[in-house]
Amino acid sequence: MSPYLRRRLITEAEVIAAAIDAHGHRMAERFVEEVVWRSYFKGHLETRPAIWTDYKRQAFNAHEAMVGNAGLRRAYVEAVEGRTGIDGFDDWAHDLVEQGWLHNHARMWFASIWIFTLRLPWALGADFFMSHLLDGDPASNTLSWRWVAGLHTRGKAYVARAENIARYTEGRFRPAGLNENVQALTEQEVAPLIELAPADTAPAGEIALLLHLDDLNPESLVLGSARVAKVAAVTAHAEGASEQVRAADQEAMLDALARAGAHFGCKTGAAEPGWEEGLPALTAWAPVGPSADVLPPCIRVRRDWDELTWPKSTRGYFQLRSAIPDLLKATTLSE
């Protein structure tokens, strides 16, 4: 479901409600936590946006460095083409490029081997993932790579162990030569915590609704007395996105535009200059990432789910995890 959650074709509350309805609160507890983790990462990046800026800078610099560093370039190409000779890792590189998908365990193992065994820059690995993952989420991807590197939870890196890989792949992969005595990466400056910017209030009367890839669920937006008179789209792919990812983005956007047109009974199209035709332009809040980087100035409304989760995502996950019962109660998902 993560490609759909990433684009908010389905909402977090919707998915959690379905899980609880099918399995009950106790059996669905772990699944609920995994969904909430996604919101934690979004809120964390939203209140520490310098992490995103730094990731993009590091990825750009690393790509530039490969031009004059044959060793780095060779190691990178062998890694992304699955030619390192490391059992498992090479298979996951092929799977990622061909299928746009990796199991969560494989993502962690891959990132750990990339950073600590191959000693490649973590930002290059995060960039590789964002280019190919169909569920590539700016916050989850960036912060997960930082978590593996020991930068998110400072000093605590994730170690890919051969025994663990062999056990959980049921003997399919038995990599040799992994660096299992790792030292967490460090950074000179820690991204500063900033206050969560306040959302806007939807105005009364006719508006022009702008869709983006981080929120393609226009039917469930709470717009008060605003009336959507037209809908347009801004499609900001991840930088270097594969054709497979671009096609998924485009298909999701076309689906959202069709639903929005039918729901609001209005015309839809691309956000060309002057598309709003004098109407106030409004959009669902775009969290830090490619969409937020390109959206024009407009009224930004934030969903209740984000209002409840993001302020509790400024430090470690436990702050938000301990608030899950209150979160479910506030969103009418409690027992």
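The rules behind the values
Residues numbered from 1 in each chain as written. Predicted model: local features only at pLDDT ≥ 70, side-chain atom pairs only at ≥ 80, totals over all residues. Heavy atoms only, no water. Helix = DSSP H or I, 4+ residues; strand = E, 2+ residues; numbered from the N terminus. Expected span 1.5 Å × (residues − 1). Buried < 20%, exposed > 50% of the residue type's maximum accessible area, 1.4 Å probe, protein only. Axes fitted to C-alpha atoms, helices over the stretch in contact; angles between N-to-C directions. Left-handed = near helix turned anticlockwise from the far one by under 90°. Contact = heavy atoms within 4.5 Å. Nonpolar A, V, L, I, M, F, W, Y, C, P; charged D, E, K, R; others polar. Bend = angle between axes of the 7 residues up to and from the residue. Phe/Tyr/Trp six-rings, centres within 6.5 Å; stacked < 30°, edge-to-face > 60°. Lys NZ or Arg CZ within 6 Å of the ring centre and 35° of its normal. Core = buried A, V, L, I, M, F, W, Y, C linked by side-chain atoms within 4.5 Å.

K.L.:
Please give an account of helix H8 (residues 138-149) that cites residues and values.
P.N.:
Between its first and last C-alpha atoms H8 spans 17 Å; for twelve residues at 1.5 Å apiece the expected length is 16 Å, and the two agree. Among the twelve residues that make up H8, ten are buried, leaving the element largely enclosed by the rest of the structure. Buried residues of H8: Pro138, Ala139, Ser140, Asn141, Thr142, Leu143, Trp145, Arg146, Val148 and Ala149, and no others. Once H8 finishes, glycine 150 follows within two positions and takes phi at roughly 90 degrees, a positive value.

K.L.:
Describe the packing of helix H3 (residues 50-68) against helix H4 (residues 70-80), naming the residues involved and giving the relevant values.
P.N.:
Think of two packed helices as two axes; the pair is described by the angle between the axes and how far apart they sit. For the pair H3 and H4, interaxial distance at closest approach is 6 Å and the crossing angle is 115 degrees. By crossing handedness, the relation of H3 to H4 is classed as left-handed. Contacts between H3 and H4 involve Ala62, His63, Ala65, Met66, Val67 and Gly68 from the first element and Ala70, Leu72, Arg73 and Tyr76 from the second. Taken together, the residues of the contact of H3 with H4 sort by class into seven nonpolar, two polar and one charged.

K.L.:
Which residues make up helix H2 (residues 12-47), and what values do they have?
P.N.:
Helix length check: H2 (36 residues) gives 20 Å between terminal C-alpha atoms against 52 Å at 1.5 Å per residue, more than 12% under. Taking the largest bend as the criterion, H2 deviates by roughly 125 degrees, centred on glycine 24.

K.L.:
Describe the environment of alanine 123, listing the residues and the values that go with them.
P.N.:
Mapped onto the secondary structure, alanine 123 falls in helix H7 (residues 122-132). Apart from the residues lying within four places of it in its own chain, the contact partners of alanine 123 are Tyr55, Gln58 and Ala59.

K.L.:
Kindly report on the packing of aromatic side chains, identifying the contributing residues and their values.
P.N.:
Summed over all chains, the structure comprises 18 aromatic pairs. Their ring planes at 40 degrees and their centres at 5.4 Å tell us that phenylalanine 110 and phenylalanine 129 sit as a pair that is tilted. A residue pair is termed long-range when its members are at least 10 positions apart, and phenylalanine 110 in helix H6 (residues 104-117) and phenylalanine 129 in helix H7 qualify at 19 residues. Judged by its relative accessible area of 2%, phenylalanine 129 falls in the buried class. Ring geometry for phenylalanine 129 and tryptophan 145: centres 5.1 Å apart, planes at 80 degrees, overall edge-to-face. Taken as a pair, phenylalanine 129 in helix H7 and tryptophan 145 in helix H8 lie far apart in primary sequence, 16 residues in all. Connected via pairs of aromatic rings, a cluster forms that spans Tyr76, Phe89, Phe110, Trp114, Phe128, Phe129 and Trp145. It is arginine 107 that lies over the ring of tryptophan 101; its NZ or CZ is 4.8 Å from the centre. Of note, arginine 300 hangs over the ring of tryptophan 285, and the distance from its end group to the ring centre comes to 3.7 Å.

K.L.:
Could you give an account of unusual backbone geometry, naming the residues involved and the relevant values?
P.N.:
One non-glycine residue, arginine 8, lies in positive phi territory at about 55 degrees. Inspection of the secondary structure puts arginine 8 in the loop between helix H1 (2-6) and H2. A positive phi angle, near 55 degrees, is found at glutamate 170, a position not held by glycine. Structurally, glutamate 170 can be placed in the loop between helix H9 (162-168) and strand E1 (205-211). Residue glutamate 170 is classed as exposed on the basis of its relative accessible area of 77%.

K.L.:
Report on the nonpolar core, specifying residues and quantitative values.
P.N.:
Residues Ile16, Val36, Trp92, Phe110, Trp114 and Trp145 are the most contacted members of the largest nonpolar core, which totals 71 residues. Per-element tally for this core: the top contributor is H2, with eleven residues. Residues Ala202, Ala233, Ala260 and Ile299 belong to the second largest nonpolar core, which totals 23 residues.

Everything listed here is a matter of geometry and, on its own, says nothing about what the molecule does.
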